[in-house]
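The residues making up each chain are set out below.
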Amino acid sequence: MEPLVPPGPPLTPEQTETYARHLLLPALGEVAQRRLLAARVCVVGAGGLGSPALLYLAAAGVGTLGIIDDDVVDRTNLQRQVLHGVDDVGRSKLDSAAERLRAIDPDLVIEPHRERLTADNATAMLRGYDLVLDGTDTFETRYAVSDACAELGIPLVWASVLGFDAQISVFWARPDLAGGGTTLRDLFPDPPAPGSVPSCAEAGVLGSLTGQVGSTMATEAIKLITGIGEPLLGRVLVLDALAQRWTEVPLRPRERRSTPVRSAPVEAPARAPERSPVADAVDIDQLRAAVAQGEPVTLLDVRETFEVAHGAIPGALHIPLAHVLTETGREAIPRDAVVVAYCQVGPRAERAATALRAAGIDARWLVGGYPAWVAAEHENVRTS
């Protein structure tokens, strides 16, 4: 494949020394290094995937890095977001990232974008970059990034991680590529229903896995910029970190639309329709009504211990999901009442309720999880 970026000016003596190990590689060499220095790359998200990708792109000599992130550093980020440290907690991720990256390359040009990327502003924010890396963790943003890159005709290095699993690919909608190239919508045509897929905050993620995948994303970016190797076009790498096994899945374009698809905002979950308390899922009002009517209910908190430390529904029985799924864990659950499981949002509680019903326990799950209960409590205080 042809290099994405034309070479910049000759290397200075200092640059020749800095990038000496690149210059020794026959596939790279001096001209490729000049391409890297001339490249303009945008990384969406300075978090788990963005951290290692940004570090290695800066170290590789990419001349201009755009960073899109409107978040601040949280202590729970530090387990995987290696751009940031303890002293950065509460600080803008953009400021923390810029300081760390300039320590690697003082000449690096950083273009910070302190706003959330949406379907409405994605094209304008990404215009002018040679390629984009998607390190985000929400479906709405992922589809907005992919659709904007397709409209602009620039390549997108994409990855997704959850738990011990990851997927990586390169999307590029180009008329000269087979079938017009691929986008995220060729892999997943539409975003999943809200709440149907747990986030890393709910299901967890192995910190070192984000480093492994983010570094791979940086490698793909370097290959595209310099025109070396075979990029992950038309291929999806699937990684099972526990088995340390990579699987390659071919990706073919679906029927191409005549105009680029615009991301539709991912709507917030609608209020659950009115159902009787015997439904598989209950909302907070149904739960309160059942309790008020004297129905025996056992609340089951299936979150992790560190989550419960920040608050829980009074009187709830705490058994983390992993234990609920074991016979020993289920033995600790009373069978003389309806069990209503809850988590932070819903997916873990739904899984717990399904497992309990399969074991003969009358179980439901709470829509909206613990935050729904907190919101209801605040509303009661406000109106009382």
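Residues numbered from 1 in each chain as written. Predicted model: local features only at pLDDT ≥ 70, side-chain atom pairs only at ≥ 80, totals over all residues. Heavy atoms only, no water.

Could you give an account of the overall build of the protein, with specific residues and numbers?
Helix and strand counts for the protein stand at 16 helices and 14 strands. Each principal axis of the C-alpha atoms in the protein carries an extent, and together these give about 80 × 50 × 45 Å. A buried classification covers 47% of the 384 residues belonging to the protein. Excluding contacts between residues fewer than 6 apart, the proportion of contacts in the protein whose partners are at least 24 apart in sequence is 66%. A total accessible area of about 18600 Å² is found for the protein, and carbon and sulfur atoms account for 55% of it. Computing the positive centroid from 35 side-chain charges and the negative centroid from 49, the protein places the two 2 Å apart. (Helix = DSSP H or I, 4+ residues; strand = E, 2+ residues; numbered from the N terminus. Buried < 20%, exposed > 50% of the residue type's maximum accessible area, 1.4 Å probe, protein only. Contact = heavy atoms within 4.5 Å. Areas by Shrake-Rupley, 256 points an atom, 1.4 Å probe, with all protein chains shown as cover. Lys, Arg positive; Asp, Glu negative; His and termini not counted. Charge placed at Lys NZ, Arg CZ, Asp CG, Glu CD.)

I'd like a description of a nonpolar patch on the surface, backed by residues and values.
Residues Phe164, Leu206 and Leu242 make up a contiguous nonpolar surface patch of roughly 280 Å² in combined accessible area. Assignment of secondary structure puts Leu242 in the loop between β8 (235-240) and β9 (245-250). For Leu242, a relative accessible area of 64% corresponds to the exposed category. (Patch = residues over 30% accessible without salt bridge, like charges linked within 9 Å, V, L, I, M, F, W, Y side chains within 5 Å. Salt bridge = Lys/Arg side-chain N within 4 Å of Asp/Glu carboxyl O.)

Residues and numbers for helix α15 (residues 347-358), please.
Residues spaced three or four apart along an α-helix point in a common direction, a consequence of the helix completing one turn every 3.6 residues. Under the 1.5 Å per step criterion, the end-to-end length of α15 is 17 Å for 12 residues, consistent within 8% with the ideal 16 Å. Within the sequence span of α15, burial applies to Pro347, Arg348, Ala349, Ala352, Ala353, Ala355 and Leu356. Phi turns positive one or two residues past the end of α15, at Gly360, with a value near 90 degrees. (Expected span 1.5 Å × (residues − 1).)

Just give me the short version of the pairing of strand β2 (residues 64-68), but keep the residues and values in it.
β2 sits mainly inside the fold: 5 of its 5 residues count as buried. Of the two faces of β2, the one lined by Thr64, Gly66 and Ile68 and the one lined by Leu65 and Ile67 are each fully buried. In this sheet, β2 lies alongside strand β1 (residues 40-44) in parallel orientation, the contact comprising 5 bridges. Each residue of the ladder has a partner; that of Val44, found in β2, is Ile68. In this region the chain leaves β1, passes through helix α4 (residues 50-60) and returns to the parallel neighbour β2; the handedness of that crossover is right-handed. In this structure, β2 lies alongside strand β3 (residues 109-113), joined through 5 bridges in parallel fashion. Looking at the pairing, Ile68 lines up with His113 of β3. Where the polypeptide runs from β2 across helix α5 (residues 93-104) and back to β3, its parallel neighbour, the crossover connection is right-handed. (Pairing = 2+ DSSP bridges. Right-handed = clockwise from strand over helix to strand, strands pointing away.)

Describe the sheet that holds strand β14 (residues 363-366), naming the residues involved and giving the relevant values.
Reading across from one edge, β10-β14-β13-β11-β12 is the order of the 5 strands in this open sheet, with parallel pairing throughout. One side of each edge strand has no neighbouring strand; the edge strands of this open sheet are β10 (281-282) and β12 (317-318). Of the pairings in the sheet, the one linking strand β11 (residues 297-301) to β12 comprises 2 bridges and is parallel in character. Paired with Leu300 across the bridge in β12 is Leu317. Against the sheet, α15 engages β11, β13 (338-342) and β14, with an angle of about 175 degrees to β14. (Axes fitted to C-alpha atoms, helices over the stretch in contact; angles between N-to-C directions.)

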